[in-house]
Amino acid sequence: MLEIRFHGRGGQGAVTSVELLALAAIEEGKFAQGFPSFGPERRGAPVLAFLRIDDHAIRLRCKIANPDVVLILDPSLIRIQNPTADLKPTGTIVLNTNKSHAEVRREFGFTHRLALVDANTIAREVLGVPITNTTMLGALIKATGVVQVESLEAPLKERFGPLAVKNFNALKTAYEKTVVEEATS
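Below or above, wherever it landed, is the structure these notes cover. Nothing here was measured: the structure is a model prediction, and the numbers come from that model. (Residues numbered from 1 in each chain as written. Predicted model: local features only at pLDDT ≥ 70, side-chain atom pairs only at ≥ 80, totals over all residues. Heavy atoms only, no water.)

1. Observations regarding the side chain of Ser17
This is how it is decided: Every helix listed is a DSSP run of H or I at least four residues long, and every strand listed is a run of E at least two residues long, numbered separately from the N terminus. Burial classes follow relative accessibility: with a 1.4 Å probe on protein chains only, a residue under 20% of its type's maximum area counts as buried, one over 50% as exposed, and anything between as partly exposed. Should any heavy atoms of two residues lie within 4.5 Å, those residues are considered in contact.
As for its placement among the helices and strands, Ser17 is situated in helix 1 (residues 14-27). Judged by its relative accessible area of 1%, Ser17 falls in the buried class. Not counting residues up to four positions away in its chain, the partners in contact with Ser17 are Phe6, Asn133 and Leu137.

Below you can see the structure in the form of structure tokens.
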């Protein structure tokens, strides 16, 4: 089972990302379970969302305590939430940043496997807005191979209608531009 914890802010689309990826996994014949964790948060407040994907039925019904992957939509959350806490030692950090692997490692002390993409720039260029949820899905797929890129086409069409093409293009661009580096320890 692959367990992923999404860290974002209200309005960035973390919850939508979980739903879209779960639908893509189900489309591929896998089992998926996704859910948010938030109270009366507002736009800009920290939000968590959780996703499990497996080839077998998922019986767990709890938050993900020790994820395989942490996806961080907003790097400012690193300083206020410690989103990599409890990430498995062999885990992967998928991070929205314009910094290099060396800069990220130096600044945050990460030793986990890193997948980095400048999702903000891609979203502004392709979508015309700095909403990075579908862009970060491309990075996540590149880092994990959890689903095929094409499997997100139908969920995007259902969710975004005429905007699906732009979102799919943002996802594909991020997939191509994500740089995955192995852990240092």
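Next comes the rest of the account.
2. A short note on the pairing of strand 4 (residues 69-72)
Note the following rule: For two strands to pair, DSSP has to find at least two bridges joining them.
By the alternation rule, side chains of strand 4 split into Val69 and Leu71 and Val70 and Ile72, which are all buried. Here strand 1 (residues 2-9) pairs with strand 4 via 4 bridges, running parallel. Opposite His7, over in strand 4, you have Ile72 as the bridge partner. Here strand 4 runs beside strand 5 (residues 92-96); their pairing, made up of 4 bridges, is parallel. Note on strand 5: the bridge partner recorded for Ile72 is Leu95.

3. Focus: the sheet that holds strand 4
Going by this rule: Here an angle of 0 to 180 degrees is reported between the N-to-C directions of two axes, which are lines fitted to C-alpha atoms, with helices fitted over the stretch in contact.
Within the open sheet, the 7 strands sit side by side as 2-3-1-4-5-6-7. Their pairing is mixed. Because the sheet does not close on itself, it has two edges, and the strands there are strand 2 (31-37) and strand 7 (179-181). Each neighbouring strand pair of the sheet contributes to a mean axis angle of 15°, computed without reference to strand direction. One ladder, built from 8 bridges, connects strand 1 with strand 3 (residues 46-54); its direction is antiparallel. Considered in strand 3, the bridge of Gly8 is made with Val47. Here helix 1 sits on the sheet and contacts strand 1, strand 2 and strand 3; the angle it forms with strand 3, its principal contact strand, is near 10°. Against the sheet, helix 5 (residues 133-144) engages strand 1, strand 4, strand 5, strand 6 (113-117) and strand 7, with an angle of about 155° to strand 5.

4. Looking at the packing of aromatic side chains
Here the distance between the centres and the angle between the planes together describe a pair of aromatic rings. For clarity, the cut-off: Centres within 6.5 Å make a pair out of two Phe, Tyr or Trp rings, where for Trp the six-membered ring is used; the pair is then stacked when the planes are under 30 degrees apart, edge-to-face when over 60, and tilted otherwise. Two conditions define a charge sitting above a ring: the NZ of Lys or the CZ of Arg must be within 6 Å of the ring centre, and it must be within 35 degrees of the ring normal.
Scanning the model with the defined rule gives 2 aromatic pairs in all. Ring centres of Phe108 and Phe110 lie 5.4 Å apart, and the angle between their planes is 25°; this geometry places the pair in the stacked category. Phe110 matches Phe108 in its accessibility class, with the two residues each being buried. Sitting above the plane of the Tyr175 ring, Lys142 keeps its charged end 5.4 Å from the centroid.

5. Examining the layout of surface pockets
What counts, and what does not: Of the two site types, the cavity is a set of points on a 1 Å grid over the protein atoms alone where a 1.4 Å probe fits but cannot get out, and the pocket is an open set with protein on both sides within 12 Å along at least five of seven lines, each lined by residues with an atom within 4 Å of a point. Grid points are joined across faces, edges and corners, and a volume is the space filled by probe spheres set on the points. Side-chain classes are defined by residue name, with Ala, Val, Leu, Ile, Met, Phe, Trp, Tyr, Cys and Pro counting as nonpolar, Asp, Glu, Lys and Arg as charged, and the others, Gly among them, as polar.
Space inside the largest pocket adds up to approximately 200 Å³. Lining the largest pocket we find Gly13, Thr16, Leu127, Val129, Ile131, Asn133, Phe160, Leu163, Lys166 and Asn167. Across the lining of the largest pocket, the residue classes break down as 5 nonpolar, 4 polar and 1 charged.

6. Regarding the side chain of Asp68
Applied cut-off: What qualifies as a polar contact is a pair of N or O atoms within 3.5 Å, subject to a donor-acceptor requirement within protein and to the restriction that residues adjacent in sequence count only when both atoms come from side chains.
Tracing the sequence through the fold places Asp68 in the loop between strand 3 and strand 4. The exposure class assigned to Asp68 is buried, which follows from its relative accessible area of 17%. For Asp68, the side chain forms a polar contact with the side chain of Lys88, separated by 2.9 Å. Setting aside its immediate chain neighbours within four residues, Asp68 contacts Met1, Leu2, Glu3, Leu87, Lys88, Gly91 and Thr92.

On their own, these measurements won't tell you what the molecule is for.
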